[in-house]
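Summary of the model geometry
Below are the chains, spelled out letter by letter.
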Amino acid sequence: MKKLVALLIGGAFVVSASSVFAVESCVKCHKTMDKVAENIKKSGAKSADELVDFLRNKSAKKALHKSVKDEDIKKAFAEAGKK
Ligand code: HEC
């Protein structure tokens, strides 16, 4: 029983810590979400779909973003917009 409670608390902590303004797959390279937000702003994308299109097709850095999921790009856009 104790083990189960510990697992639940541990799990809740991991979930809340990672959802506090951070998209793991972006932070891996960009270090902070502030940097990601800054880049997103500079890209001029006005919607999550535009940002996906930009990173997939238009950016000079598109090769670097092949491994990131559309889902994560959209999440990052939403997070950046909150600032
Ligand atoms: C494999 C490493 C890597 C990953 C993963 C990564 N990036 Fe990047 N990204 C870079 C590098 C390197 C640059 C260029 C240097 C810079 O501006 O920081 C860059 C640039 C950018 C730019 C500006 C591109 C331009 O052409 O102006 C945006 C926007 C961006 N990243 C968003 C994201 C988002 C959102 C994620 C997560 C879904 C992400 N990146 C994940 C490495 C990465």
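Presented here is a report on the structure given in the accompanying data block. Because the structure is predicted, anything quoted here is derived from the model rather than measured. (Residues numbered from 1 in each chain as written. Predicted model: local features only at pLDDT ≥ 70, side-chain atom pairs only at ≥ 80, totals over all residues. Heavy atoms only, no water.)

**As for helix α3 (residues 33-43)**
Buried residues of α3: Met33, Val36, Ala37, Ile40 and Ser43, and no others. Seen from one end, α3 has its buried residues packed into an arc of 120 degrees, which puts them on one side. The exposed residues of α3 that point more than 90 degrees off its buried face are Lys41 and Lys42. Backbone geometry just downstream of α3 places Gly44 in the positive-phi region, at approximately 80 degrees. (Buried < 20%, exposed > 50% of the residue type's maximum accessible area, 1.4 Å probe, protein only. Helix = DSSP H or I, 4+ residues; strand = E, 2+ residues; numbered from the N terminus. Arc of directions from axis to C-beta.)

**A short note on the coordination of the iron atom of the ligand**
Distances from the iron atom of the ligand to its protein donors, His30 (NE2) and His65 (NE2), fall within 1.9 Å. Here the iron atom of the ligand binds 6 donor atoms, and the angle range of 86 to 179 degrees at the metal identifies the geometry as octahedral. Of this pair, His30 sits in helix α2 (residues 24-30) while His65 sits in the loop between α4 (48-58) and α5 (70-81); the two residues are 35 residues apart in sequence, bridging distant segments of the chain. Among the residues examined, His30 registers a relative accessible area of 25% and is labelled partly exposed. (Donors = N, O, S within 2.8 Å, 3.2 Å for Na, K, Ca; no water. Tetrahedral: all angles 85-135°; square planar, octahedral: opposite > 155°, others 65-115°.)

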